[in-house]
Each structure stands twice: as structure tokens, then as C-alpha cells.
Amino acid sequence: MNASVPIKHTQAESDLFDRFESAREALAGSVAVSALREAAVDQLRDRGLPHRRVEEYKYSDLRAFMKAAALLATAADLSRVQAILEDQDLFGGLERYRIVIANGSYLPTLSDVDALATEGVTVTNLNDALSGEHGAQLLAPPKSGQNDGVVALNTAFVQGGVIVDVAEGAAVSKPVELVQVAASSGAQATRIKVRAGAGASLHLLETFIGDTAEGEVNSVFDYDIADKAHLAATRLIVGNCDSARLLTTIATIGAEAEFRSLGFMAGPKFARNQQFINFVGENSEAKIYGVTMVGRDDLADQTLIVDHAVPHCNSREFFKTVLDGRAKGVYQGRINVAQHAQKSDGEMMTQALLLSEEAEMANKPELEIFADDVICAHGATSGQIDEDLLFYLRARGIPEAEAKTLLVLAFLSEAIEEYGEDDVTEGLEARVRDWLASH
Amino acid sequence: MLEIKNLHARIAEDETEILRGVNLTVNPGEVHAIMGPNGSGKSTLSYVLAGKDDYEITEGEVLFNGENMLDMDPDERAAAGMFLAFQYPIEIPGVATMEFLKTAMNAQRKARGEDALSIPDFMKRVKAAANHLNVSMDMLKRPLNVGFSGGEKKRAEILQMSLLEPKLCVLDETDSGLDIDALRIVSQGVNTLRSPERAMVVITHYQRLLDHIVPDVVHVLSKGRIVKTGDKDLALELEKNGYADYVDAAA
Ligand SMILES: Nc1ncnc2c1ncn2[C@@H]1O[C@H](COP(=O)(O)OP(=O)(O)OP(=O)(O)O)[C@@H](O)[C@H]1O
Ligand SMILES: [Mg+2]
């Protein structure tokens, strides 16, 4: 393709260029970081927002979806943030530490910095690091998605975030909730770096709450999981909102390490949870789960690429999608096994439950295998609620809506249970019920 | 309690007529047995009573305590006191048995305007019923009916029945698949539920069950019609001579 032919920009793209002009002075970073931001905006100028003719966005045309782009959210009002934190607790009652980001910026005063320090967890303001000598390294793109449009959008506008360092061998005793609060309207772009030291273990809860009226949310989570470390990341993208929710995971997994993640989506008009997972050390395991509920004429996209670049690693991908209305669900999962990555084991499954005739699921599980001694499998199913099961429940006096709720929960809980972070199960099931009651 | 008048039902999908004019009146306190050859429509009758929508009623009516039962949803029928012990209880992976029992009991209570059970009260009832029917609490920790043996499933049905305390119990071949001891335990469970306010319709192929649960009336269903009605001795006669006499009569 000839890149020099200028494309005609959409309203949203023009808005984004204006946004960049008005924000560029205020955006943090060294000279090298600024150059990366400029390059990202140039990419956007050349290619536009990701659209359906880009293979990875075939089913999720962000360019067509975004009619306009709001300015970046300005500094949040602290008391408003506190009120939202109290009102919208997605894991009510769960003992945990909190790291708070509001309107794109880290708020140390509302975060459990001292308590985390005693557990061996250090939290650093991303913006300080972006201005430092190694700032540009923090914005490195995913290996298997060098030119990803959503990541580029993040790089251009990243307002803030945190770096979470877990000391070698530290086993953090409670989950850490990294909560991002929208305290007013406006777009938010954040970047989170998590470095789990050798032998460390951490369960991260990644939540998004607040006023979700206007402006896309774009957050990139970049995990470095050192040898023998264990990281679990439970991500919740819930609540009705009309703007795009764009989430990216970059995971780099060392030797004998374990990475588990669950991406839970229910509510937004347009949501994409994309994950780029790389094994760089042997004898490690990645278990990636997805629970998606999508209704109305909304779109929810779970996309992932798992790179088995080294031998002797296992990956399990298990995704569940419930669709209603005229919604569209997308699952694109690819397992790459490099030629020398012998004894790789990959098992990918995606299952959809369609509650309406008009809903649509695009299931695209793929294997790309260049090694000969591997065990890899993938499968995809789509089905409706089993009428016989529904009748059995109703014959016992359970009204239809409640019987459906039980069956939907049963369908989804297979993934939630296999994920196995028991302390969030109750909270996740409550979110399933929320969605069923309100969508 | 239950009045079935000239009931005709066919399979909604292909319009095959299965029930071809069933008449049956069951009074409170009575136990009726329905016997009949394979494929004669016994399970179909039980499904139609429970409200399965695979069937289309083309003629006739069903009154349950004077109310038109055919207008009610399956869950409304259950809340009104109808219970069907399924011939083939269904496995529901992912639905915990205890959660299911609690939801069902409280849904029925709610429909009747009663308060939900407290957790301790609920647990007490389940433990008592399970103990009575020799159902282990371990089994109840599993997903509903999943991996239960044939006999365990039947016992679980009767457990549900005891907990839901229905007014009309329809038991579709609850005895098949039960070993000798289980048959006695289940029959005892059913007999405990016998009361002047409660009626039972027991579908079975075997006279043996009726030694345990002694019926007031025995019917023979053949080709979608009740072709013979008698007392408990009718079952003994069928055991000896088979259905030959009645099947021809229905043709
Ligand atoms: N949903 C259905 N679809 C197709 N055929 C059906 C359906 N339900 C019932 N039938 C047919 O209707 C007839 C009566 O079936 P039913 O299960 O009521 O018999 P039954 O008397 O209970 O037999 P059994 O003693 O073997 O349990 C059978 O021929 C059966 O195949
Ligand atoms: Mg039958």
C-alpha cells in the first residue's frame, strides 16, 4: 500500500488531532517520549483509527463507531472521586488495597501507598518516570502488535498512570485494586506498568468506575512477570456507557512463572479487550479467561495473541460470551508456536450463548504452529438456552427470568470457576446478575 | 383437586396426536396409579399437566382446584401446588443443587405471598429431608443431578418433592432404576407425604411399587385414552395377564 496517499479524516480523527494540539504542552514525558507521541499521532494521521479493513479490527470497526472525540478529561475533583469510590464498589466487602487513578492521573493521597510498601509493593507515578531517562521504554508497543492502532492512540495521549513494582519473593496478602475513576466527562488514556519480581505473587483487580458519559477510555496494562512469579489480573469493564472502552494487555512471562487473567465485560456500547501475551522463559503457564455479556446493538470484542516463543510452556484460553438483542460479540484468539518452541501446549475454547435470534457472534480461534512436537487444540461453539433445562427449573416454581439467570450464570461460571480466584467469584456473579437485570 | 376432561394433546412440532380424550378425576387424599404400555402417553400426560410447551392442547380442559390449569405457566402451576417427578430428571451443570433448592422454595413462597426462608431454616429442612431419604449432603454439594446415578436422581426428585410440599404429586416411573432398598426408602418418603389434603398420581410399570404405595384407584392408559379403571387388584391382574385385553379394546 502506498502510505503517501493521504486519507480523508473522519470527524473523530480531526477531533483527535485538535485534542493533541491542545494537550501536547501538558502531556508528560522526556524528549524521546514526546517523539513517540508525535509518531503515534502521525500513524493516526496516515492510517486513521483502526477499521474493518485492518485484519485485527475486521469485526470491530472503531473508526466507524467513533463519531467524535472529546477532549482529555481535566484534573479530577478529589471529593467527587471519593464519593464515586464509596458509591460504586464493584467488590463490596472484599478486603483489598487500592491504587486510585482519576481522570487519567494517579492520586497517591487516595491510594494505600504505605500499606502496600509494607507488603513489598512500590507504586510510582508514571509521569515522573516518563520524564526520566528511560521514559520512552515505558511506552514500548507489544511485540506482536507493533503498530496496533489502539496502543498508538494510547501512546499519543497517555495522561498518567502508575508503575507497580512487586519486590522479589513478595507474596502480597490481599488483592490490589487498581481503580480508574471518571470524575467528570472527557477522554482518559492511562498506562499501567506492573513488574512482578522473581517469585513474587499478586492478584490485581482492574476496575473502571464513575461518570461514563463522554470520551473514550484507553488503558494499556503492561506486565513484566519475572521467573517463578505469579500474577493474576481480574479486569472488569462494566456499566452502560456510550463511548468506547479500549483495553490492552501486554504480558511478558519469564521462566516457571504463571500468568492468569480474566477479562469481564458487560455494558459498554463498544468494548475491546485485547491481549498480547509472550512467553520468554520456559516451563511457564498462562491461563486466559474471558466473560462477556453484550446486549442492545453493542459490540464486545475479546482479542488475544499468545506467543509461544520458547519451549515447554502451557497456555489455556477459555472465553464465554452471552449475547442478547442485536449485539455483536467478537472472539479472535491466536496461538503462535515458534519453530523451536517444542512441547508447547495450547488449548483454546470459545463458547457463545445466544439469548436472541438477532445477536451475532464472530468466533475466530486460530493456531499458527511452526514446531512439530506440540499439543494444541481449539474449539468454538454457539448455542441457545436449552429449553428442557429451562422447563425443569420452571416446573419447580422458578419464574422464567430467574431460571434464565440461573442458566446464564451456570454457563459463565464455568470460566469464572476455572479462573479460580475465589475471592472475586461472588463479586463477578453479582455483576452478571446486574447485567441480566438491567441490560 | 384435579379434573381432566376429554383432554386431547398433540406434539406441537408434527401434530401427531398423543392424548386422545383423557378423562380423570383425582380427589384430595387419593392416590391414583396409571399403568399402560410403552408409548401409550403416560409421560405426555404428566408433561401436559406440568406445562411443557412441546404439546398443543386441541380439545378438553384441566381444572386444578377449580382453576383452569392450562392457562398457567409452568412456574405458576408449581407455585399453585403441582409437582412432577420426572421420568428422566435432567442434569444441569453449573447450577448448584443447594442454590437451586433455595431458589425454587423461595420462588414458590414468594408467589404465594410468603416470606423467604432464613438460611438456617432452609438448611434444617434440607438436612431433615435428605436424612429421611438417605441422600448424602455430599451429593447436594454437586451441581444439580450432575453425575448422579439413575437411582440417586430419582431420590433427588422425591427430596425436592418433600421440600416443596406440593398439593398434587405426579410421579412418572419414580420406581424404575431404584434398587430394592431405595425403593423402600423412596416409597416411605412418598407415604409420609400422603395426607387428606394431598393427591398423588403414580405412573408405573410395576405392581411391586404399588405394594409399597397402595393406590386407591388404578387406571390403564392405552393409545392416549384411559381404557380401564379399577381398584388395586387391577394392578395384580395386569401383572399376571399383561395389557393384551385392554390394548385391543382401545384400538
Ligand atoms: N416431544 C415429542 N416428540 C416426538 N414424539 C413424542 C414427543 N413426546 C412424546 N412423543 C411420542 O408420543 C408417544 C407417547 O410417549 P410417552 O413418553 O408419553 O409414552 P409413555 O407412556 O410415557 O411411555 P413409557 O412407558 O415408555 O415411558 C411416543 O410414541 C413418543 O415417541
Ligand atoms: Mg414415560
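Everything quoted here is computed from the prediction, not taken from an experiment. (Residues numbered from 1 in each chain as written. Chains lettered and ligands numbered in written order. Predicted model: local features only at pLDDT ≥ 70, side-chain atom pairs only at ≥ 80, totals over all residues. Heavy atoms only, no water.)

Asks: I keep staring at the confidence of the model for chain B and nothing clicks. Help me out?
Replies: Any residue range with low pLDDT should be treated as having predicted coordinates unsuitable for detailed reading. Summarising the model, chain B shows a mean pLDDT of 93, and 98% of its residues fall at 70 or more. For this predicted complex, the interface confidence comes out at an ipTM of 0.95, alongside a pTM of 0.91. (pLDDT = per-residue confidence, 0-100.)

Asks: Is there a simple way to explain the interface of chain A and chain B in this structure?
Replies: Facing the 18 residues of chain A at the interface are 30 residues of chain B. Here chain A packs against chain B, burying approximately 1900 Å² in sum over the two surfaces, 68% of which is carbon and sulfur. When the buried surface of chain A facing chain B is broken down by residue, A:Phe391, A:Tyr392 and A:Arg396 rank first, second and third, together holding 42% of it. Across the chain A-chain B interface, the total number found is five salt bridges. Residue A:Arg394 pairs with B:Asp73 through a salt bridge whose shortest N-O separation is 3.7 Å. Taken together, chain A and chain B are joined by nine residue pairs in polar contact (both at pLDDT 80 or more). No other element matches helix α8 (residues 387-395) of chain A, which puts seven residues into the side of chain A that touches chain B. Its residues assigned to classes, the side of chain A that touches chain B shows 10 nonpolar, two polar and six charged. (Contact = heavy atoms within 4.5 Å. Buried area = accessible area lost by both parts, 1.4 Å probe. Salt bridge = Lys/Arg side-chain N within 4 Å of Asp/Glu carboxyl O. Polar contact = N/O pair within 3.5 Å; in protein donor to acceptor, adjacent residues only side chain to side chain. Helix = DSSP H or I, 4+ residues; strand = E, 2+ residues; numbered from the N terminus. Nonpolar A, V, L, I, M, F, W, Y, C, P; charged D, E, K, R; others polar.)

Asks: Looking at this structure, I do not really get unusual backbone geometry. What am I missing?
Replies: Residues other than glycine predominantly adopt negative phi, and peptide bonds predominantly adopt the trans conformation. All names here are of chain A. Although it is not a glycine, glutamate 256 sits at a positive phi angle of roughly 50 degrees. Position of glutamate 256 relative to the elements: it lies in the loop between β9 (230-253) and β10 (258-279). Note on glutamate 256: relative accessible area 42%, which makes it partly exposed. One non-glycine residue, asparagine 283, adopts positive backbone phi at about 60 degrees. (Buried < 20%, exposed > 50% of the residue type's maximum accessible area, 1.4 Å probe, protein only.)

Asks: Looking at this structure, I do not really get the site of ligand 1. What am I missing?
Replies: Residues and elements named next belong to chain B. Close to ligand 1 lie 14 residues; Gly39, Lys42, Ser43, Thr44 and His205 are nearest. Between ligand 1 and histidine 205, the relevant distance is 2.8 Å, taken from an oxygen atom to a side-chain nitrogen or oxygen of the residue. Relative to its unbound accessible surface of 630 Å², ligand 1 loses 64% to contact with the protein. Examining the composition of the shell around ligand 1, we find that three residues originate from one element, helix α1 (residues 42-50), more than from any other. Of the residues contributing to the shell around ligand 1, the split by class is four nonpolar, eight polar and two charged. (Near = heavy atom within 4 Å. Areas by Shrake-Rupley, 256 points an atom, 1.4 Å probe, with all protein chains shown as cover.)

Asks: I'm lost on the state of the cysteines in this one. Help?
Replies: Cysteine pairs can be linked by a disulfide, which is a covalent bond between their two sulfur atoms. By the definition in use, this model includes zero disulfides over all chains. As a non-bridged cysteine, A:Cys376 has A:Cys313 as the owner of its nearest cysteine sulfur, 12 Å distant. (Disulfide = S-S within 2.5 Å.)

Asks: Would you explain the pairing of strand β3 (residues 31-35) of chain B in this entry?
Replies: Regular strands have side chains that alternate between both faces of the sheet. All names here are of chain B. With five of its five residues buried, β3 lies for the most part within the structure. Burial along β3 is two-sided: the face carrying Val31, Ala33 and Met35 and the face carrying His32 and Ile34 are both buried. Direction of pairing for β3 relative to strand β11 (residues 217-222): parallel, over a ladder of four bridges. Paired with isoleucine 34 across the two strands is histidine 219, which belongs to β11. (Pairing = 2+ DSSP bridges.)

Asks: Would you explain the packing of helix α1 (residues 11-23) of chain A against helix α7 (residues 149-157) of chain A in this entry?
Replies: Residues and elements named next belong to chain A. Interhelical geometry of α1 versus α7 gives an angle of 30 degrees and a closest axis separation of 10 Å. One finds that α1 runs roughly parallel with respect to α7. For the pair α1 and α7, the contacting residues are Leu16, Arg19 and Phe20 in the first and Leu153, Ala156 and Phe157 in the second. In terms of residue class, the contact of α1 with α7 is built from five nonpolar, no polar and one charged. (Axes fitted to C-alpha atoms, helices over the stretch in contact; angles between N-to-C directions. Parallel < 35°, antiparallel > 145°, perpendicular 65-115°, else oblique.)

Asks: Teacher, can you tell me more about helix α3 (residues 97-111) of chain B here?
Replies: For an α-helix the count is 3.6 residues per turn, leaving residues at separations of three or four pointing the same way. All names here are of chain B. Over its 15 residues, α3 runs 21 Å from end to end, which matches the ideal 21 Å to within 8%, given 1.5 Å per residue. Taken together, the buried positions of α3 are occupied by Thr97, Met98, Phe100, Leu101, Thr103, Ala104, Met105, Asn106, Ala107, Gln108 and Arg109. Positive phi shows up at glycine 113, right after α3, with a value of about 75 degrees. (Expected span 1.5 Å × (residues − 1).)

Asks: How should the side chain of A:Ser243 be read in this particular structure?
Replies: Residue and element names in this part refer to chain A. Relative to the elements of secondary structure, serine 243 occurs in strand β9. Within the local environment of serine 243, its side chain forms a polar contact with the backbone oxygen of glycine 215, the two atoms lying 2.8 Å apart. In terms of polar contacts, serine 243 uses its side chain to reach the side chain of arginine 245, at 3.1 Å.

Asks: What's the story with the sheet that holds strand β10 (residues 199-203) of chain B in this structure? I'm lost.
Replies: Either a parallel or an antiparallel arrangement is found when strands of a sheet pair, and the pairing is made through backbone hydrogen bonds. Residues and elements named next belong to chain B. What the six strands build is an open sheet, ordered β6-β9-β10-β3-β11-β12; its pairing is mixed. The two strands at the open ends of the sheet, each matched to only one other strand, are β6 (82-85) and β12 (225-230). Ignoring strand direction, the axes of neighbouring strands in this sheet form an average angle of 20 degrees. Pairing geometry for β11 and β12, over five bridges, is antiparallel. Its bridge partner being in β12, histidine 219 is matched across the sheet by threonine 229. Along the sheet face, α1 touches β3, β6, β9 (168-172), β10 and β11 and points at about 145 degrees away from the line of β6. On the sheet, helix α9 (residues 232-241) packs against β3, β11 and β12 and is oriented at approximately 45 degrees with respect to β11.

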